[in-house]
Each structure stands twice: as structure tokens, then as C-alpha cells.
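Breakdown of the fold
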Number of protein chains: 2
Amino acid sequence: MRKKQGLLMILDGLGDRPNLELNGMTPLEIAKTPNLDFLASQGMCGNVYPIAPGLRVGTDVGHLHIFGCDSNKVYSGRGPIEAYSAGIELMPGDVAFRGNFGTIDENYTVIDRRAGRIREGTKELAAAINGLILSDGTQVIVKELTEHRVAIVLRGNNLSDKISCTDPGTAVEGEKLVIPSPLDDTSSAAKTAKNLWEFTMRSYEILKEHPINKQRLSKELYVANAVITRGAGQKKYMPSIKELYNIKAACVAGDITVGGIAQLVGIDYFSNESFTGSFDTNLIGKADMAINLINEKSYNWVVMHIKATDLAGHDNLPIAKKDMIEKVDSIIGYILKKIDLNKCYIAVTADHSTPCEVRDHTGDGVPTIIAGGDVRKDSVNSAGESQFMSGSLNNLTANDIFMLQMDLLGFTEKVGS
Amino acid sequence: MRKKQGLLMILDGLGDRPNLELNGMTPLEIAKTPNLDFLASQGMCGNVYPIAPGLRVGTDVGHLHIFGCDSNKVYSGRGPIEAYSAGIELMPGDVAFRGNFGTIDENYTVIDRRAGRIREGTKELAAAINGLILSDGTQVIVKELTEHRVAIVLRGNNLSDKISCTDPGTAVEGEKLVIPSPLDDTSSAAKTAKNLWEFTMRSYEILKEHPINKQRLSKELYVANAVITRGAGQKKYMPSIKELYNIKAACVAGDITVGGIAQLVGIDYFSNESFTGSFDTNLIGKADMAINLINEKSYNWVVMHIKATDLAGHDNLPIAKKDMIEKVDSIIGYILKKIDLNKCYIAVTADHSTPCEVRDHTGDGVPTIIAGGDVRKDSVNSAGESQFMSGSLNNLTANDIFMLQMDLLGFTEKVGS
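Residues numbered from 1 in each chain as written. Chains lettered and ligands numbered in written order. Predicted model: local features only at pLDDT ≥ 70, side-chain atom pairs only at ≥ 80, totals over all residues. Heavy atoms only, no water.

**Let's talk about the overall build of chain A**
Within chain A, the secondary structure is distributed over 15 helices and twelve strands. Over its C-alpha atoms chain A spans a radius of gyration of 22 Å, differing by no more than 12% from the 22 Å that the globule rule assigns to 417 residues. For chain A, the C-alpha atoms occupy an extent of roughly 65 × 55 × 40 Å along the three principal directions. Counting only residues that meet the buried cut, chain A has 59% of its 417 residues in that class. Taking the contacts inside chain A whose residues are at least 6 apart along the sequence as the reference set, 73% of them involve residues at least 24 apart. Carbon and sulfur atoms make up 50% of the accessible area of chain A, which amounts to about 16200 Å² in all. Between the averaged position of the 44 positive side-chain charges in chain A and that of its 51 negative side-chain charges there is a distance of 4 Å. (Helix = DSSP H or I, 4+ residues; strand = E, 2+ residues; numbered from the N terminus. Rg over C-alpha atoms; globule rule 2.2 N^0.38 Å. Buried < 20%, exposed > 50% of the residue type's maximum accessible area, 1.4 Å probe, protein only. Contact = heavy atoms within 4.5 Å. Areas by Shrake-Rupley, 256 points an atom, 1.4 Å probe, with all protein chains shown as cover. Lys, Arg positive; Asp, Glu negative; His and termini not counted. Charge placed at Lys NZ, Arg CZ, Asp CG, Glu CD.)

Below, the structure written as C-alpha cells:
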């Protein structure tokens, strides 16, 4: 089958709703986007559901579906994804958790669940509790992530992810850490619950005495004396995108969660310190890297991820979201000068909608374009949630968009003959 | 429930993509099609996925879905379909293969996998090896199909389709025939693999001495001294369309694979020597036969299949594809004069897209119309992939279109009361 290349741009949380601050338009509708409009005119458009209408997803699940996976089959808690984000290669039987450095008192009551959003010294703190051997021989791997976030992995015999974790909940401070308990009758769940609590207590003893925390105390900052865990999961067998489609794929992203998910599904992850995952990210640098991967490194499919649109949604900053969309649009103009649309399709989508007024992910469809070369053209000529409602991709799902791209690129198998 | 009649025209491989040779239009878009445009204006239109967006299907699977089946449930290799194409009624336990007459040397190396695309004498060659009784008592049924193709059935006790076949692959000549081996641990798979190899060797001994091959040798043509097998399958239980919908259905086609699939699902198959499955097929003859089945023979649903649009796609002949579409359009005009749209709906669809520039089946949606009588009308007034993108059937599936037809015809059961 004839092969072509493809570039997929993911604008995290791009989808929005009519906003009063923007005269009842969405950030994408009001933004001046000559290049997105051009792409819309050169292909198929629509608002696409991450999984199904009205179903809200996180960044992790949204990206799994963009990458062609069914999260119901491959998703088992956020833990394994955080582990991959931290560069920990999971082994069969490992149980992984997402964690926060937090502040607790001597009764294990949570004073601050993010240790005052600690940013400095987490590498040293994680190192101080990394490699602990628990009383039954289980090993604990701990690796810092961005800010207060940390990945934790229990590695040993007969472990299970069917346990409750120590996090008392995201809403309130002042609750005690939860003593983990098994969620089924297996000995492995009982053993793992016991292990997680032993780790929690022992890491508290180590962390509270750590020089970095003594320093923080002297500066009247919250100490990072606890690791608060949630999202227990084991890696399920997930055939890589190479195994499934024999495709060489790359992901350019600053956000390490997205990078972790990409690696989990067999997509090579490329980043750079200037890719911040925020408004100040180096967009030109990302574009150059993506262009290089396509034109020089012969990747079949390159995914370029931009995070800040989602941040603007969470912080209810519709103007900032519009501005970021316009910045991305001008980068698309830059890319269009360096890439031949007859050889390389360009698609644009999002992992979910983050409407500014909602300040959270919603189950709305996400604006999506597939353009270039011999893609059929529908009647949509400009980018926007309203315009895309009459597009030919409207109401399809993220998995559908993945398959349409694989088919255009020539990497699908024929069923039957 | 009120009953009506329906005619479904299948233009094999009709769907296409914007083509440079056609000013960026598709063959259907650029073709002058007053009658298809009329049908479009009298009903509902859309690009319909054979199974799901981006999923490529073969002719066999595509037709199964047009006929309302789920190929995941009923498809077990191409073998059984070829057997039905050849007029062999499969019994429970039979293992069927699709085969080629090919040319091998005395070391079983494949010299030509189609015996020089042999067309003459295959009936005699198949007869010479038909009815062989193997050493364990298994019987072999062999029946010629079009050109070099042949259907093979093993009939006996304790047989299995879980074996590898003798075909070394479609891409290259110069490889040896594969000695069949069982794909699971059952005695039936081991026995069937042994049987297939015994048949292969014994048929070689018979075929190489056959007068037709002596003649071919004297004319310096490739001899048809081997039967190369693939697509082992057993018939799965498939309730017929009569059992499921109590509908009397007919299929008019020159292509015997389509005829085989029709019979497999319980649709009566009608053909004629002048229906060639190619550009020179007798379209008027097909139309007259379909009209007769509707007006005189009281069939509830008549399917009329035209193959040449697919051939033009595979051979990258956009003009020929356009011309064939125009020929079919004039035949639709002829049919419209003889059939009352108020008594008989007319639908048009395809089994898959075969874009000329791709030269293979793709996962694009296929142009589809359901028109006539009391069918609701959308705003589409002319036939074409672009126009259909805003049609009311857009993004539905072949199974959906089947059910909509059954419902219009009055053959569906009410769920609930």
C-alpha cells in the first residue's frame, strides 16, 4: 500500500463553549487563524468526541484514544503513566502510583497536599527514599516529576493494584492519610496495602529529618515530609503502535505526562528544556523539531503537543486562550512553508475540551481537522466549534480520527480480500 | 407491517478521492450523472463506512456488511466464500480453501503463481483432480473459478481450518510451496495439514501429465501443474437473510465472489455469461434481469452488482472510472422508466472505496443514496463524495444502510411493544 507521512498537532483542552467575555464566541472562533482556516478548507473537519458524547476524560485517557488505544482495555490507573513519565520502565507485577509530596503532622493529618507547591529540592527528597527495601523484601522506586509530583513503584513478588491508596481526597485538607486496605480477598492485595503503608510511614521518618525540609522549615515553607499516593495501577499488556501498524511515530511535547503516554504506546518521545508545557513554551523549537523528524528523520507520523490552551481553560483566561491559539496558528503558517501537503497530511485535534467558564474538562466534542493531499474536502472553510458542526468528521471519535489517519498514511491492514 | 420492494445497486469500489487528472474532483463528482443526481434529490445521501472509519475491507467483507452481516462473527477465511462461488454447498466439518492453478518445478518451487494467468482448460484440469480420496478416506472437491482461480474443499471426519496453507505468499515467485502445518495442538489440525499436503503432491503428479498441460508446454505456456492454497476456513453457522428477515432477496452479478457471498447469506444468485464482471459487461441485460425479478418474480429486495468501477480504481484509470459511472447512470435512467419509485425504493452504494491514485481499497466512506417513495429527503441534490459529506447518511455504516432498507421495505421486527 502507498505510504505517506502525517503531522498531528494536539492543542490540549482546545475545545470551548460560547463565552460572554468573547461576545458569545469560543476562543477558537474569535481568534484570527488564517492558517487553521486554510487547513479547514483543504480537508475534513468536525467536533470529535474523545470517547463518546458527554464523556469527560483526563489528559492521559484523551491521549490514549488519540493514539488509537481503547482506554477501557489498556488503562489501569494513572500510576503506570506517571512511572513512564518519570522514565521508569515497568516490569510485569510492578504496582505504580501517582504521588504528591505533601505536608502532614505527626498524626498523619494532611496540612498541605502539595507541600506549598514545592518546586526546589524534590530530586534530593525523592533520592532519599528511593530504593527502600520493605520488610517483606519489596523494593520501592521513587522518582520526582514536575513541581510536587512524584512517581512511586512497588516492585516485588505477589503484588496487586487492587488496594485503596493513602490520599484522603483532593478537595480538603485537614483529613488524615488513609491507611491502605485491600479491595479484594487476595493475599497479594493485603500484602500490597501493608507495603504501601510501611512505605508511607518509613518515608515520613526519613523526609521529616531531611536537610531540605529543615531549610524549608527555617524559611517558614511547608515541609515535604510525606508522599501521598493515588492511582494504583499495573501495566497491562499493550501492543505498541509499531506492532499494530508497523509505523514509526514520534511525539514532540514539553508535558511529560503526554511524553509518558506516548512511550507507553510505542511512540518515540522528543523534548527539550525550552518546551515548558506552558505559555512560554518554545513553539518555533517544537515546530523545527517536528519538521526535522518528518523531512530528515523519515518518521511516518509525528505528533506535536501544545499544553497552554488547556492551562488557559483551567484558569478561566479566554483572552489568553485566544492569544495562544493565534500563536499556534502562526506556527502552523511556519510549518506549512516547510512541509509539502502532498507528501505529508496535517491534522489538528485536542485531547478534550476545557471551556474557560467551566474551568475543567468537559465531554464536548473537540475541534478536529484532517487536511492535505488527496483528503476529501467538506464545505467547512474556517476553524471553529460552530463551523465544524456541519463538517464531515462531526460526531466521530478520537479512535476514528486515528484510524482515518492510519488509512491515509497507508498503514492499515485490509480485512478480507 | 406494510411491505415494499427495493433495488440496491452496488458499484464496486466506487468511492474515490480528489484526483489531479480530474481537476481535483473524484470520478463520481466529475461524471455527468443526471439520474444519480435525481435519486440524490429524492432521498437521503452520505458517505458510509463499510465497517468503521479508516478500516479497509475486501470485496468479500464489504459485501457481507452490505448484506447486514457482521464479518467478525461470520467470517472465517475466504475459502468458504470461494466454495459458494463455485457452487459447492458446504457441509458441517468441511474445510474450504481458495486456490490458484500455478506452475511449480520438481522441487515444488513456484515458477508462476497463476500459471501464466491460464484461462482455457481449467475445467478439465479441475475435473482431473476432483473427487480424489486421500489415504485416510478424506475426499477432495475441486472446482474451477474464473481464470486461474479454483475452489478446494476437504470433506471427511475430524478436519480443522487451523492450519497453514501451501501458498508461500503473494509478493514473490521463486519460493517453495509451504508444507502445511497445524496451528494448534488438536489431532484434527495435524490430520488436515497432512491431508492438504497429500492432495498437493498427488494433484501435482496428475496435473503434470495432463494433456492440457502437454499442450501448454508445446505452446511454451506456463503449465498448470499445481494447486496453491490459502484462506482455509470452515463455514460458520450463519442464519440466512430469509431466517432473519423473512425476505426473498436476489443478487444479479457477473462477479462470482459476490455471487458466492450472496448465496452464503441466503440471497438467490442470478447471472448470465454476458455479465463479465468487467467494463464490457452487459449492463442492459443486468438491468432487465433485475427489473424482471422485481416486477415479475416478486422479489422483495434485488441487489445488482457492477464490478468495473473497482477495476478502474485498481488500475488507476480515473477517466475509465468516470465513463463507467456515466454508463451506469444511463442504465439507472433506463431502470427508472420501468420501476415505480412509489412501490420500489432504489438505493446505491459500494462495498469500499478504491481511489485511483491509491490503486487499492481504502477506509474512506462510500457514496450512498437511499431514494424513492416516502424516503425522507435531505438537502443533497447531486451525487459526489463532497456533496454527500453534508448528507443525512454521512458517517453511518453499511450495516446501518442495510437496516434502513429492511425497515423501509417493512421486514424488521419491533423490539419491545
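**Observations concerning the relation of the copies chain B and chain A**
Screw-axis analysis of chain B against chain A gives a translation of 0.3 Å along the axis, an RMSD of 0.4 Å, and a rotation angle of 119°. The relationship between the two copies is best expressed as a three-fold rotation axis. It is B:Ser390 whose C-alpha, among those of chain B, lies nearest the rotation axis, at 3.9 Å. Comparing contact sets, just 3% of the residues at the interface of chain B also lie at the interface in chain A, consistent with a heterologous contact between different surfaces. (Least-squares fit on C-alpha atoms with pLDDT ≥ 70 in both.)

**As for the pairing of strand S12 (residues 366-371) of chain A**
Residue and element names in this part refer to chain A. When you tally the buried positions in S12, you get six out of six residues, the bulk of the element. Of the two faces of S12, the one carrying Val 366, Thr 368 and Ile 370 and the one carrying Pro 367, Ile 369 and Ala 371 are both buried. Summarising the sheet, strand S2 (residues 43-48) and S12 pair through six bridges and their orientation is antiparallel. Within the sheet, the bridge partner assigned to Asn 47 lies in S12 and is Pro 367. Looking at chain direction, strand S11 (residues 344-349) and S12 are connected through three bridges and run antiparallel. Counted as the bridge partner of Ile 346 is Ala 371 from S12. (Pairing = 2+ DSSP bridges.)

**Quick word on the domain arrangement of chain A**
Residues and elements named next belong to chain A. Assigned domains of chain A: these are domain 1 (5-74 + 238-409) and domain 2 (79-235). Centre-to-centre separation of domain 1 and domain 2, based on C-alpha positions: 33 Å. Of the residues lining the interface, eight residues belong to domain 1; the matching set on domain 2 comes to seven residues. When domain 1 packs against domain 2, close to 660 Å² is buried across both sides, 76% of that on carbon and sulfur atoms. The largest contributions to the domain 1 side of the interface with domain 2 come from Ile 256, Thr 257 and Leu 264, which together make up 64% of the buried area. (Domains from an automatic or database assignment. Buried area = accessible area lost by both parts, 1.4 Å probe.)

**Observations regarding the pattern of salt bridges**
All names here are of chain A. Summed over the entire model, instances satisfying the criterion amount to 50 salt bridges over all chains. Residues Arg 202 and Glu 198 are paired through a salt bridge, measuring 3.0 Å at the closest nitrogen-oxygen approach. One end of the pair, Arg 202, and the other, Glu 198, are both in helix H7 (residues 187-208), four residues apart, so they sit about a helical turn from each other. We classify Arg 202 as partly exposed; its relative accessible area is 32%. Using a relative accessible area of 14% as the deciding quantity, one classes Glu 198 as buried. (Salt bridge = Lys/Arg side-chain N within 4 Å of Asp/Glu carboxyl O.)

**Topic: the environment of A:Leu125**
All names here are of chain A. Position of Leu 125 relative to the elements: it lies in helix H6 (residues 122-129). Taking relative accessible area as the criterion, Leu 125 reaches 0% and is therefore assigned buried. Along the sequence, Leu 125 and Ile 212 sit 87 residues apart, while their C-alpha atoms lie 7.5 Å from each other. Not counting the four nearest positions on each side in its chain, Leu 125 is found in contact with Phe 101, Ile 118, Leu 207, His 210, Ile 212, Asn 213 and Ala 224.

**Quick look at helix H11 (residues 283-295) of chain A**
An ideal rise of 1.5 Å per residue puts 18 Å on 13 residues; H11(A) measures up with 18 Å between its terminal C-alpha atoms. Residues of H11(A) that are buried in the fold lie against strand S1 (5-11), strand S8 (249-252), strand S9 (268-270), strand S10 (301-306), helix H13 (318-338) and S11 of chain A. (Expected span 1.5 Å × (residues − 1).)

**What about unusual backbone geometry?**
Residue and element names in this part refer to chain B. Located in the positive-phi region is Glu 147, a residue other than glycine, with phi close to 50°. Locating Glu 147 in the fold gives a position in the loop between strand S5 (139-144) and strand S6 (149-155). A positive phi is found at Asn 246, a non-glycine position, where the angle reads about 55°. Among the structural elements, Asn 246 can be located in the loop between helix H9 (241-245) and strand S8 (249-252). In this structure Asn 246 comes out as exposed when scored by relative accessible area, which is 63%.

**Digging into the sheet that holds strand S12 (residues 366-371) of chain B**
Residue and element names in this part refer to chain B. The strand order S2-S12-S11-S1-S10-S8-S9 describes an open sheet built from seven strands, whose pairing is mixed. The sheet terminates laterally at strand S2 (43-48) and strand S9 (268-270), the two strands that pair on one side only. For this sheet, the mean angle separating the axes of adjacent strands, direction not counted, is 15°. Against the sheet, helix H3 (residues 59-66) engages strand S1 (5-11), strand S10 (301-306) and strand S11 (344-349), with an angle of about 160° to S1. Sheet contacts for helix H13 (residues 318-338): S1, S10 and S11; angle to S1, the most-contacted strand, approximately 170°. (Axes fitted to C-alpha atoms, helices over the stretch in contact; angles between N-to-C directions.)

**Looking at the sheet that holds S9(A)**
Residues and elements named next belong to chain A. Strand order in the open sheet made by the seven strands is S2-S12-S11-S1-S10-S8-S9, with mixed pairing throughout. Each edge of the open sheet is held by one strand with a lone partner, namely S2 and S9. The sheet shows a mean angle of 15° between the axes of neighbouring strands, taken without regard to direction. The pairing of S1 with S11 spans six bridges and is classified as parallel. Its bridge partner being in S11, Ile 10 is matched across the sheet by Thr 349. Most of the contacts of helix H10 (residues 256-264) go to S9, to which it runs at about 160°, and overall it touches S8, S9 and S10.

**Notes on the packing of helix H2 (residues 34-41) of chain B against H13(B)**
Residue and element names in this part refer to chain B. Where H2 meets H13, the closest approach of the two axes is 7 Å, and the angle between their N-to-C directions is 60°. Put simply, H2 runs oblique to H13. Residues Pro 34, Asn 35, Leu 36, Phe 38 and Leu 39 of H2 form the contact with H13, whose participating residues are Ile 325, Asp 329, Ser 330, Ile 332, Gly 333 and Leu 336. (Parallel < 35°, antiparallel > 145°, perpendicular 65-115°, else oblique.)

**Looking at the packing of aromatic side chains**
Tallying each qualifying case throughout the model produces twelve aromatic pairs over all chains. Summarising the aromatic geometry, the rings of B:Tyr245 and B:Phe402 are spaced 5.2 Å apart at their centres and angled 70° between planes, so their arrangement reads as edge-to-face. With B:Tyr245 in helix H9 and B:Phe402 in helix H15 (residues 398-409), this residue pair connects regions lying 157 residues apart in the sequence. Overall, the relative accessible area of 1% leaves B:Phe402 in the buried class. Members of the aromatic cluster, each reached through a chain of ring pairs, are A:Phe67, A:Tyr245, A:Trp301 and A:Phe402. Residue placement shows A:Lys248 over the ring face of A:Tyr299; its charged tip is 4.6 Å from the ring centre. (Phe/Tyr/Trp six-rings, centres within 6.5 Å; stacked < 30°, edge-to-face > 60°. Lys NZ or Arg CZ within 6 Å of the ring centre and 35° of its normal.)

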